[in-house]
Amino acid sequence: MNKSSHPVVPDFNPFSAAYRDDPYQFVAQAHAAAPVFYDPNLGAFVLTKYDDVMEALRDSETFSSKAINGWTPIPPDLYDDVPDLRPDQSTAVMTLDPPDHAAKRQPMQRALTPKLVNALRPKAAAIANELIDSFIDRGECDLVNDFAYLYSGRTIAVFLGFPEEEATKFRHWSLARLNTLVARPLDAPGEISGQEFQFTDEQLHGFWKSVGEANMSLRHYILARQKKPEEDMISAMLAVKDENGRALYEVGEIVRAVFTLIAGGQETTANLIANIATLLTKEPAQQALLTGNLSLVPKAVVEGLRRKTSAVGIVRRTTRDVEVRGVKIPKESIVYVSLPGANMDPDMFEDPGRYDILRGNAGKNVGFGAGRHVCAGKSLAQLEAEVAIDALYRRIPNLKVDLSISREFSTTFTAPALKSLRATWQTT
Ligand code: HEM
């Protein structure tokens, strides 16, 4: 069977505003019509069932991560300004297969210890409360820009060991970095729609310049920690020794790891917080349940990850011919693994469109992915979201997202993020 004879699901379009806002009806359509299908817009086979998604994410030999495999070339005049994040040095951990993958992931994994993550809780709560203080008397705020972004940026800064003021630059740096990524396979036959990622040389120059600024700034703080270690992640990475007692990771390696954490962690976490607030407004009974018993916050977060994770799709590339649910996927095909598909599979989650904070098996969700690439920062993201939701609903139990304003998302391919989100409450 060639691609043109595969089933298609015409309305399924992860780039559309409606899909970004809520993929539920689109994945439900796919589940009913064709749970595995070829999408000509994506140039990819789409997997939407929980079991298929898990299988693909666990079988990295067949479903390779070498799908998005490059960066745009660095402008020659900026070469020396980017000592550690040049295309030849900085293959992203998400795009690697074994054995290279483990080597890249290790520096982050070894330093992201539960002890370090848990130690962040009081500081994260202080940041959340300080931000809430700045707007609580107004009776309204932009939950994304006045709260979630600032909060997730500042908590990551503290966790890593940067001054909190530096966090204001993270968003700009991350966007610049993302824009230098080639978001489609360079040599694969099936193309992922790339139009939205095309930039002029001038724009690319600007992005690389920002990446250079980030590189120098990160280097500066890492070198400072080398002289004076503290209780933070950078110090923890610097302290990892090889069997001869020498530092295992050189400074450039730590720059790359830290940038990956900033780029992978700020927007996704901010977006999860905003998504949970939206879900609670849409389901007032759940909000009442939560505000009546704040010990349910961790459940509200896990169910939020299931019902609306920040990551909508993961891209893989097949290394051999494979058959999924009777659909033949040839070698060298691009596969789009739908996390909302898995998280709202009715065979796995009863009444999957409902946000239900008491759901018994919400923990089985794949909002953080699965397999060897499972989110490296998931414990940090979960803690951040729990602290933020607890502080928000403890202090503003009647917070409501303004659902009358249409929600706009960034064009980021795998994790589109809300641009803003107005919220209001009574201030008696
Ligand atoms: C709610 C917030 C977050 C969500 C929904 C999320 C989601 C994901 C997903 C789905 C993946 C798997 C990608 C793949 O299989 O190709 C992933 C990987 C990753 N995430 Fe997260 N993430 C979040 C927060 C964070 C945070 C806070 C950090 C770090 C501070 C982080 C760092 C990473 C890294 C480094 C990887 C790559 C792991 C690898 O390829 O081995 N993420 N994330």
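Each remark here, short or long, concerns the structure printed above.
Residues numbered from 1 in each chain as written. Predicted model: local features only at pLDDT ≥ 70, side-chain atom pairs only at ≥ 80, totals over all residues. Heavy atoms only, no water.

**As for the coordination of the iron atom of the ligand**
Item 1. On the protein, C375 (SG) is the one donor atom to the iron atom of the ligand, at 2.3 Å.
Item 2. As for its placement among the helices and strands, C375 is situated in the loop between α14 (339–343) and α15 (378–395). (Donors = N, O, S within 2.8 Å, 3.2 Å for Na, K, Ca; no water. Helix = DSSP H or I, 4+ residues; strand = E, 2+ residues; numbered from the N terminus.)

**Structural notes on the sheet that holds strand β3 (residues 63–64)**
Item 1. With mixed pairing, the five strands of this open sheet are ordered in space as β1-β2-β8-β5-β3. Looking along the sheet, the strands with just one partner apiece sit at the ends: β1 (36–39) and β3.
Item 2. When β3 meets strand β5 (residues 313–318), the two strands line up antiparallel, connected through two bridges. Within β5, the residue paired with F63 across the bridge is T318.
Item 3. Relative to the sheet, helix α3 (residues 50–58) contacts β1, β2 (44–47), β3, β5 and β8 (334–338), its axis offset from that of β8 by approximately 125°. (Pairing = 2+ DSSP bridges. Contact = heavy atoms within 4.5 Å. Axes fitted to C-alpha atoms, helices over the stretch in contact; angles between N-to-C directions.)

**Things to note about the packing of helix α7 (residues 143–160) against helix α11 (residues 251–282)**
Item 1. Two elements in contact, α7 and α11, have axes separated by 9 Å at closest approach and are oriented at 145°. By crossing handedness, the relation of α7 to α11 is classed as right-handed. Contacts from L143, V144, F147, A148, Y149, Y151, S152, G153, I156 and L160 of α7 reach α11 at V258, L261, I262, G265, Q266, E267, T269, A270, I273, A274 and A277.
Item 2. Of the residues assigned to the contact of α7 with α11, the class counts are 15 nonpolar, five polar and one charged. (Left-handed = near helix turned anticlockwise from the far one by under 90°. Nonpolar A, V, L, I, M, F, W, Y, C, P; charged D, E, K, R; others polar.)

**Side note on the nonpolar core**
Across soluble globular proteins, you tend to see nonpolar side chains buried next to one another.
Item 1. Counting 95 residues, the largest nonpolar core has F147, Y151, F162, M233 and L290 as its most contacted members.
Item 2. In contact with F147, other than residues within four places in its own chain, are A128, L131, I132, F135, D142, I273, A388 and L392. (Core = buried A, V, L, I, M, F, W, Y, C linked by side-chain atoms within 4.5 Å. Buried < 20%, exposed > 50% of the residue type's maximum accessible area, 1.4 Å probe, protein only.)

**A word on the site of the ligand**
Item 1. The full set close to the ligand counts 28 residues, and H101, R105, R316, H373 and C375 are the nearest of them.
Item 2. One of the side-chain N or O atoms of R105 is found 2.8 Å from an oxygen atom in the ligand.
Item 3. H373 is positioned such that a nitrogen or oxygen atom in its side chain is 2.7 Å from an oxygen atom of the ligand.
Item 4. Those elements that provide at least two residues to the shell around the ligand are α4 (100–111), α11, β5 and α15.
Item 5. Among the elements that make up the shell around the ligand, the one with the highest residue count is α11 (seven residues).
Item 6. Across the shell around the ligand, the residue classes tally to 13 nonpolar, 12 polar and three charged. (Near = heavy atom within 4 Å. Polar contact = N/O pair within 3.5 Å; in protein donor to acceptor, adjacent residues only side chain to side chain.)

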